[in-house]
Amino acid sequence: MTQSSQESASVKQAADEDDVERVNAFFNSKEIKQALHRFTYSTTLERALERDDRRLFYTEEDEEITGALMVWCESRVLEPDEAQIRLVAVTGDHQNQGVGERLCRRAEIFADEYGMKRISADVASKSSAVDFWKDLGYEVASEWKTDNGREMRLMKKPL
């Protein structure tokens, strides 16, 4: 494995405002914005850095972010023992290389350590990401529609 491949294999936790800015730029890049069913604001990512119940994880290669994920363990929209992966994205040229799986596994470890009993993620019903979540052990818990009428699935997994 090359040095850059080894670096990308490591999941890092955002530790400061510079990390938040880099991850925000990644999530709001044209490629990633097109793939996500929701967009993010830097203030949301900053809260993930500031709060004990949230984390922002990322991978990088050659100092470029290749994947990122935000996970929450407390929110008024979640059950008391449920965490949620709020955003996860991987650049196209790094997909199918285990980056998304490593990010999700790290989020699951954090949620378990925080005391959560299950974890969830929303995904567009017609997205190929449904199979990604199923491969990670998530099951469809419910279906719903966004305000714009987009059909979504809530995927859940026990921890």
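Our structure's up above, just so we're on the same page.
Rules of the game
- Residues numbered from 1 in each chain as written.
- Predicted model: local features only at pLDDT ≥ 70, side-chain atom pairs only at ≥ 80, totals over all residues.
- Heavy atoms only, no water.
- Helix = DSSP H or I, 4+ residues; strand = E, 2+ residues; numbered from the N terminus.
- Buried < 20%, exposed > 50% of the residue type's maximum accessible area, 1.4 Å probe, protein only.
- Contact = heavy atoms within 4.5 Å.
- Pairing = 2+ DSSP bridges.
- Salt bridge = Lys/Arg side-chain N within 4 Å of Asp/Glu carboxyl O.
- Phe/Tyr/Trp six-rings, centres within 6.5 Å; stacked < 30°, edge-to-face > 60°.
- Core = buried A, V, L, I, M, F, W, Y, C linked by side-chain atoms within 4.5 Å.

Visitor: Could you clarify how one ought to interpret the overall build of the chain in this entry?
Guide: Scanning the chain for helices and strands turns up 6 helices and 7 strands. Listing the helices and strands of the chain from first to last along the sequence gives α-β-α-α-α-β-β-β-α-β-α-β-β. Taking all 159 residues of the chain together, the buried fraction comes to 43%. The long-range fraction of contacts in the chain, counting pairs at least 24 apart against all pairs at least 6 apart in sequence, stands at 61%.

Visitor: Would you take a moment to explain the sheet that holds strand S5 (residues 118–124) for this structure?
Guide: The pairing of strands in a sheet comes from backbone hydrogen bonds and takes either a parallel or an antiparallel form. Read across the sheet, 7 strands follow the order S1-S2-S3-S4-S5-S7-S6 without closing on themselves; strand pairing throughout is mixed. Edge positions in the sheet fall to strand S1 (12–13) and strand S6 (139–145), since each of these pairs with one other strand and no more. Where strand S2 (residues 54–61) and strand S3 (residues 64–72) come together, 8 bridges link them in antiparallel fashion. Within S3, the position partnered with glutamate 61 by the bridge is glutamate 64.

Visitor: Explanation requested: the environment of glutamate 143 in the structure shown.
Guide: By the secondary structure assignment, glutamate 143 is in strand S6. In this view, glutamate 143 contacts Met152 and Arg153; residues no more than four positions away in its chain are not counted.

Visitor: Got a minute to help me understand the pattern of salt bridges in this structure?
Guide: A side chain of one charge can pair with a side chain of the opposite charge if their charged atoms are brought near each other. The full count for this structure, using the stated rule, is 11 salt bridges. Taking the shortest distance from any N to any O, the salt bridge between glutamate 60 and lysine 12 comes out at 2.5 Å. With glutamate 60 in strand S2 and lysine 12 in strand S1, this pair connects stretches of sequence that are 48 residues apart. In this structure lysine 12 comes out as partly exposed when scored by relative accessible area, which is 26%. Taking the shortest distance from any N to any O, the salt bridge between lysine 157 and glutamate 108 comes out at 3.2 Å. Highlighted residues: lysine 157 in strand S7 (residues 151–158) and glutamate 108 in helix H5 (residues 99–114), separated in sequence by 49 residues.

Visitor: So what exactly am I meant to see when it comes to the packing of aromatic side chains here?
Guide: Scanning all chains against the criterion turns up 4 aromatic pairs. Summarising the aromatic geometry, the rings of phenylalanine 110 and tyrosine 114 are spaced 5.9 Å apart at their centres and angled 40 degrees between planes, so their arrangement reads as tilted. Here phenylalanine 110 and its partner tyrosine 114 are both found in helix H5, 4 residues apart, which amounts to about one turn of the helix. Classification of phenylalanine 110 by relative accessible area gives buried; the value is 6%.

Visitor: Can you help me understand the nonpolar core in this one?
Guide: A general tendency of soluble globular proteins is for nonpolar side chains to be buried together. Counting 22 residues, the largest nonpolar core has Leu69, Val71, Ala83, Ile85, Ile119, Trp133 and Tyr138 as its most contacted members. Counting residues per element, the ones that place at least two in this core are S3, strand S4 (82–90), H5, S5 and helix H6 (129–135). In terms of residues, this core owes the most to one element, H5, which gives 6 residues. Filtering out sequence-adjacent residues up to four positions away, valine 71 remains in contact with Asp53, Arg54, Arg55, Phe57, Ala83, Gln84, Ile85, Ala107, Phe110 and Ile119. Counting residues in hydrophobic clusters, the runner-up holds 17 residues, among them Phe27, Leu56, Tyr58 and Trp72.

Visitor: Can you help me understand unusual backbone geometry in this one?
Guide: Leave glycine aside and you will find that most residues have negative phi; peptide bonds, for their part, are mostly trans. Positive phi, normally seen in glycine, also occurs at aspartate 62, with a value near 50 degrees. Position of aspartate 62 relative to the elements: it lies in the loop between S2 and S3. Positive phi outside glycine occurs at asparagine 96, with the angle close to 65 degrees. Here asparagine 96 shows up in the loop between S4 and H5.

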